[in-house]
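# Observations on the model geometry
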Amino acid sequence: MHLTKLKHHLLAVATAVAATACTSTEQKPAFSGTVETDGINEMFFNYAPDNDLMAIRTINIEPDSLGRFTFPDSLTIGNDLHTEILADNGYFGLYLEKGKSVDAKIFRDGEGNLTISFTGDNADINTYYNALCQAFDSMKYFSPDPEGAPTLDEYFALLEKENVNVRKGLDAISNPEDRKYYEKMTDRMYTWSKIRLLMDRAYEQGRQPREIPEYVELVKTIDPNDDMSLKCTLIFPWLDMQSKSSPDDALAQGIEQLKILDKQITNANTRKVMLNQLPYTFFAYSSPTTEQAEAYMQEYSKIAKDYPELIEKYNLQKNAIKVISSGDSLPYDPVIETPDGKKSKLSDLKGKVTYIDFWATWCGPCCKQIPFLDKLVEKMKDNKKVAFVSISSDTDREAWLAKLKKDNPSWPQYIFDPEDCNKFFTAMNITGIPRFIILNADGTIAEAEALRPSDEGVEAQILSFVK
């Protein structure tokens, strides 16, 4: 699941502060803005303190009657902070510095697109940083709808074009040291974007990224102890390249990565952030058994000994692991709803062997499975003992309905009640999507972690539960 669509994880804190209360530079907030257009459904600040994606925060933006809003003064930003303003499906980069104030206006250009302009302190930096974020926005180089999407070659060409164009704005940054810093950030964000596309190339070709020479050469340029490597997400491909364990052995790879971190990462902030990230990844994506989780935490507790709060956090994760076995009843029976608003319980699907797809519109890997699921449904449509169902965990119902209208799937579609979704995922120990399960005809669990539609053998696995 791509790191740029995290909005489903986050809490919101409302804020609206009138700019008329500011009478001097010292009293002004670090950021104030004005919305000069309508038609925006939602806006919020999105930022990760210390560049820790596990601590990412979202703060709702609620402009006052004149369209004014601020970044909350109550939030500690240290000396400076790079954050984002997300407005519907678009976003703007924003830089805040302690003791300085920047003002922004959000409006629509001549073509009706949302845009932003800056005045005040660091307006030059904000203008460039926003352009930088736009140039290397990961969603610019990825489409959740595989059919009709640009080719990878077209994405590579676009990346080179955006890289050239954004660098033209560097000279507008007045301070030479700031200019040097953002030139380096541009280099690193470009490197990450290219690495990301090469990862997609490897996936397309059925290879591992490290089998692509250009990928290997780019990863060699990464200094894991440079703050910029964490800020620009480069620490992850660097760590992957150091690992020698098979990705198929999640426990061995997880413990190896902890040891690499312990031996090679000396940057204190990077070390702490990665000690928060690595166990999350292990528990979320490897679905460990209780024995595997225990072995992992024994090693983790030694390496993370300086951070008892993290050890406690992931010990709780370990203790929460539930073993779901074939023949078990659903541990929680959530409410699901059809596109036309009819509600039912998940248990109401009994009667056939049912293959269930848990997904969301913002989840790239989920959307990549849809064409494979479409083919699987078509292939098995004449088997009256088998049913297929997709259940979305979207919180944006309109985005879900729009996706269904575009794809027009032939199998039943449901969406979770948001609160029930969390309860069900927790009860089933589902920590990431896409996720597929198979229910027996009597509604009990046949397979708690079924093969994906793209996997060989998925049809045979489904048929093995048909009686």
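Quick note: structure is the one above.
These numbers were taken from a predicted model, which means no experiment stands behind them.

### So, the nonpolar core
In this structure, Tyr182, Leu275, Tyr296 and Tyr300 are the most contacted members of the largest nonpolar core, which totals 65 residues. For this core, the element with the most residues is helix H3 (residues 176-205), which contributes 9 residues. Apart from the residues lying within four places of it in its own chain, the contact partners of Tyr296 are Leu251, Gly254, Ile255, Leu258, Leu278, Pro279 and Phe282. Membership of the second largest hydrophobic core comes to 46 residues, among which are Leu346, Ile433, Leu439 and Ala448.

### What to know about the state of the cysteines
Tallying each qualifying case throughout the model produces 1 disulfide. Bridging Cys363 to Cys366, the disulfide has an S-S length of 2.4 Å. In this structure the cystine formed by Cys363 and Cys366 twists about its S-S bond by roughly 80 degrees; its chirality is therefore right-handed. Free of any disulfide, Cys232 has its nearest neighbouring cysteine sulfur in Cys133, separated by 9.7 Å. Exposure remark for Cys232: the relative accessible area of 5% places this residue in the buried category.

### Here's the deal with the pairing of strand E5 (residues 80-87)
Counted residue by residue, E5 has 6 buried out of 8 residues, so it is predominantly covered. Sheet topology places strand E2 (residues 43-47) next to E5; 4 bridges connect them, and they run antiparallel. Counterpart to Asn46 in the pairing with E5 is Glu84. By the bridge criterion, 8 bridges tie E5 to strand E6 (residues 90-97) in an arrangement that is antiparallel. Residue pairing across strands places Ile85 opposite Phe92, the latter belonging to E6. Connecting E5 to the next strand, E6, in antiparallel fashion are 2 residues, including Asp88 with a positive phi near 55 degrees.

### Concerning the sheet that holds strand E9 (residues 335-337)
Sheet architecture is open: 7 strands sit in the order E10-E9-E13-E12-E11-E14-E15, paired in mixed fashion. Every other strand in the sheet has two partners, leaving strand E10 (343-345) and strand E15 (445-447) as the edge strands with one partner each. Taken over all neighbouring pairs, the strand axes of this sheet differ in orientation by 35 degrees on average, direction set aside. Direction of pairing for strand E11 (residues 353-359) relative to strand E14 (residues 435-439): antiparallel, over a ladder of 5 bridges. Note on E14: the bridge partner recorded for Tyr355 is Ile438. Strands in contact with helix H11 (residues 364-379) are E11, strand E12 (386-392) and E14; relative to E11, the strand with the most contacts, it is inclined by about 160 degrees. Helix H12 (residues 397-407) rests against E9, E11, E12 and strand E13 (413-416) of the sheet, and its axis sits at about 165 degrees to E13.

Criteria and thresholds
- Residues numbered from 1 in each chain as written.
- Predicted model: local features only at pLDDT ≥ 70, side-chain atom pairs only at ≥ 80, totals over all residues.
- Heavy atoms only, no water.
- Core = buried A, V, L, I, M, F, W, Y, C linked by side-chain atoms within 4.5 Å.
- Buried < 20%, exposed > 50% of the residue type's maximum accessible area, 1.4 Å probe, protein only.
- Helix = DSSP H or I, 4+ residues; strand = E, 2+ residues; numbered from the N terminus.
- Contact = heavy atoms within 4.5 Å.
- Disulfide = S-S within 2.5 Å.
- Pairing = 2+ DSSP bridges.
- Axes fitted to C-alpha atoms, helices over the stretch in contact; angles between N-to-C directions.

Just distances and angles here, no functional claims.
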